[in-house]
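# Working through the structure, step by step
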Amino acid sequence: MKICVHGAGAWGTAVAVNAAARHEVTLWARDAAQADAISKARENTRYLPGLALPASLAVRAGDIGQAHAGADLVIVATPMAALREQLVALRGCTAPVAWLCKGVEPARDATSFGLLAHEIWAQAAPDLIAGVLSGPSFAQEVAEGRPTALVAASPHAAVRDALVDAFHGPALRVYANEDIVGVEVGGAVKNVLAIATGLCDGLALGLNARAALITRGLTEMTRFGLALGARAETFMGLSGLGDLVLTSTGDLSRNRKVGLLLAQGRTLAQAVDSLGHVAEGVYCARTVVQRARGLGIEMPIAEGVVALLDGRVSPQDAVAALTGRDPVPESVQPGAAASPRQSS
């Protein structure tokens, strides 16, 4: 296959390296200077230092509108905030398109809320045959060829098939899924829950507390997803439970690190500045809570994260608010409307 990967961050570089072993791959950087530096060093020193790029991987710079010419598959590997612009530039592209970003688009004005990627697609470029490649994965490990499993989600079989053909191999398994809503909800909400889990670990509350938080967080994620039209089984799969466990417990997780740093007394600005990369949970937490309220869905863990990020509560008070909630039965219908006895 001829594959165009647009966006030379950690994820774009990682999937380009993976696919270059079997396909003709071009990694398109944001600007000429960045592309030239990566090409000459044969290494992405900013995002994946120490990883040698294969000789077969071409590195270029240019607008995505020209970059996709002749491609069999186009991968958009930019942060969520840039996805709309990229999809607009791809209008008219006949090749399957897939994005890698997880989270929500920043709200465009004070009266709106951020959108999931498939909702941006419906607005910006509904003519595209498109979908998402998601699941529990750190870019560093994918680039190193360590065993990983991902989900190719799209309502279009052509997109799912193209992603499987492009990336499925001995070290990387790709599973097809039609439920793009559920896959994207999992990819967004797990980032918010990982901040909460990092906070829990940073306060040394113990492994029991971590397990409880992840499990109840999965309930919140599922409740929210079902209200948006997702399928329940998706949240027990790779992009739901799998990605939640990885992002909440893995030392490479930026969102988990934010929670850890807040627990240590760092301000949000200090925590974010120390990362050097985007932590999508910081930017999508408010939208998740806002949309949940509009749907009549209670998400107390996500609510606690927002209160913490806004500086309205201390780390200790955020935990106290959760542990002080009234008891509820565990077997609550996830899609039920919010009530004092139907919440996490």
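Residues numbered from 1 in each chain as written. Predicted model: local features only at pLDDT ≥ 70, side-chain atom pairs only at ≥ 80, totals over all residues. Heavy atoms only, no water.

Applied cut-off: UniProt positions are given in the numbering used here, feature names are shortened, and annotations may be inferred rather than shown by experiment.
An unreviewed UniProt entry annotates the chain as Glycerol-3-phosphate dehydrogenase [NAD(P)+] originating from Variovorax paradoxus. Its UniProt record, at the heading Sequence similarities (unreviewed entry), says of the chain: "Belongs to the NAD-dependent glycerol-3-phosphate dehydrogenase family." Word for word, the UniProt comment on the chain under Pathway (unreviewed entry) is "Membrane lipid metabolism; glycerophospholipid metabolism."

## Observations regarding the UniProt feature "active site" (unreviewed entry) in the chain
Formally: By definition, any uninterrupted DSSP run of H or I lasting at least four residues is a helix, any uninterrupted run of E lasting at least two residues is a strand, and each is numbered from the N terminus. Note on classification: 1.4 Å probe, protein chains only; a residue is buried when its accessible area is under 20% of the maximum for its type, exposed when over 50%, partly exposed between these limits. Only heavy atoms matter for contacts: two residues are in contact if any of them lie within 4.5 Å across the pair.
The sites that carry the UniProt feature "active site" (unreviewed entry) are, in the present numbering, Lys190. On the secondary structure map, Lys190 appears in helix α8 (residues 180-202). Of the residues examined, Lys190 reaches a relative accessible area of 6% and is grouped as buried. Those residues within four positions of Lys190 in sequence are excluded, and the remaining contacts are Lys102, Met221, Asp243, Leu244 and Thr247.

## A short note on the side chain of Glu184
Put simply, the rule reads: His is not counted, nor are the chain ends; Lys and Arg add positive charge and Asp and Glu add negative charge. For salt bridges, the criterion is a side-chain nitrogen of Lys or Arg within 4 Å of an Asp or Glu carboxyl oxygen. Here a polar contact is taken to be a pair of N or O atoms separated by no more than 3.5 Å, where protein atoms must pair a possible hydrogen donor with a possible acceptor and residues adjacent in sequence count only if both atoms sit in side chains.
Along the chain, Glu184 falls in helix α8. Buried charged residue Glu184 carries no salt bridge. Nearest counter-charge: Arg291, at 8.6 Å. Here His118 takes part through its side chain, which lies 2.7 Å from a polar atom of the side chain of Glu184. Here Glu184 is in contact with Trp99, Leu116, Ala117, His118 and Val132, once residues within four sequence places are set aside.

## Considerations on the nonpolar core
When a protein is soluble and globular, its nonpolar side chains tend to lie buried together. Quick note on the threshold: Only buried residues count toward a nonpolar core, which is a set of Ala, Val, Leu, Ile, Met, Phe, Trp, Tyr and Cys residues joined through side-chain atoms within 4.5 Å. Reported domain spans reflect what an automatic or database domain assignment gives.
Ranked by internal contacts, the top residues of the largest apolar core, which has 71 residues, are Leu83, Leu87, Val97, Trp99 and Leu128. It is α8 that provides the largest number of residues to this core, a total of 12 residues. Summarising the domain contributions, this core has at least three residues from each of domain 1 (2-178) and domain 2 (188-324). Once residues within four sequence positions are removed from consideration, Leu128 is found in contact with Leu87, Leu90, Arg91, Gly92, Cys93, Val97, Trp121 and His156.

## Structural notes on the domain arrangement of the chain
Defined as follows: Accessible area, probed at 1.4 Å, shrinks when two parts are joined; the buried area is that loss added up over both. Residues are grouped as follows: nonpolar covers Ala, Val, Leu, Ile, Met, Phe, Trp, Tyr, Cys and Pro; charged covers Asp, Glu, Lys and Arg; every other residue, Gly included, is treated as polar.
Here the domain parsing of the chain yields domain 1 (2-178) and domain 2 (188-324). The C-alpha centroid of domain 2 is placed 25 Å from the C-alpha centroid of domain 1. With 25 residues of domain 1 at the contact, the number on the domain 2 side is 21 residues. For the pair domain 1 and domain 2, the two sides together bury roughly 1800 Å², of which 65% comes from carbon and sulfur. The interface formed by domain 1 and domain 2 holds 3 salt bridges in total. Counting every contact that joins domain 1 to domain 2 gives 4 residue pairs in polar contact (both at pLDDT 80 or more). Contributing elements (two or more residues each) for the side of domain 1 that touches domain 2: α6 (139-143), β7 (148-153) and β8 (172-177). Partitioned by chemical class, the residues of the side of domain 1 that touches domain 2 number 13 nonpolar, 8 polar and 4 charged.

## Looking at the packing of α8 against helix α10 (residues 238-249)
To be explicit about the condition: Lines fitted to C-alpha atoms define the axes, with helix axes restricted to the stretch in contact, and inter-axis angles between N-to-C directions lie between 0 and 180 degrees. Every angle not falling under 35 degrees, over 145, or within 65 to 115 is termed oblique; those three ranges are roughly parallel, roughly antiparallel and roughly perpendicular. Take the far helix as your reference; a near helix turned counterclockwise from it by less than a right angle gives a left-handed crossing, and one turned clockwise gives a right-handed crossing.
One way to put it is that α8 packs onto α10 with a least axis distance of 8 Å and a crossing angle of 30°. In terms of orientation, α8 lies roughly parallel with respect to α10. In this structure, α8 meets α10 at a crossing whose hand is right-handed. Of the residues in α10, those touching α8 at Val183, Gly186, Gly187, Lys190, Asn191, Leu193, Ala194, Thr197 and Asp201 are Ser239, Asp243, Leu244, Thr247 and Ser248. Here the contact of α8 with α10 is composed, by residue class, of 4 nonpolar, 7 polar and 3 charged.

## Here's the deal with the side chain of Asn255
Looking at the secondary structure, you find Asn255 in helix α11 (residues 254-263). Of note is the side chain of Asn255, whose polar atom sits 2.8 Å from the backbone nitrogen of Gly281.

## Structural notes on the pairing of strand β6 (residues 130-134)
Condition: Strands are labelled as partners when DSSP assigns at least two bridges between them.
Across the 5 residues that make up β6, a large majority, 5, are buried. Here β6 shows two buried faces, one formed by Ala130, Val132 and Ser134 and the other by Gly131 and Leu133. Strand direction decides the pairing type here: strand β5 (residues 97-99) and β6, joined by 3 bridges, are parallel. When the sheet's bridge partners are listed, Ala98 is paired in β6 with Gly131.

## Side note on the pairing of strand β2 (residues 24-29)
So the rule is basically this: The crossover handedness rule: strands pointing away from the viewer, path from first strand over the helix to second strand clockwise, crossover right-handed.
Burial of β2 is extensive: 5 of the 6 residues sit out of reach of the surface. Sheet topology note: the strand β1 (residues 2-6)/β2 ladder contains 5 bridges and is parallel. By the bridge assignment, His6 is partnered in β2 with Trp28. For the segment spanning β1, helix α1 (residues 10-20) and β2, crossover handedness is right-handed. The pairing of β2 with strand β3 (residues 58-61) spans 4 bridges and is classified as parallel. The residue bridging Thr26 from the neighbouring strand is Ala58, located in β3. Assessed by its sense of winding, the connection that carries the chain from β2 through helix α2 (residues 32-41) to β3 is right-handed.

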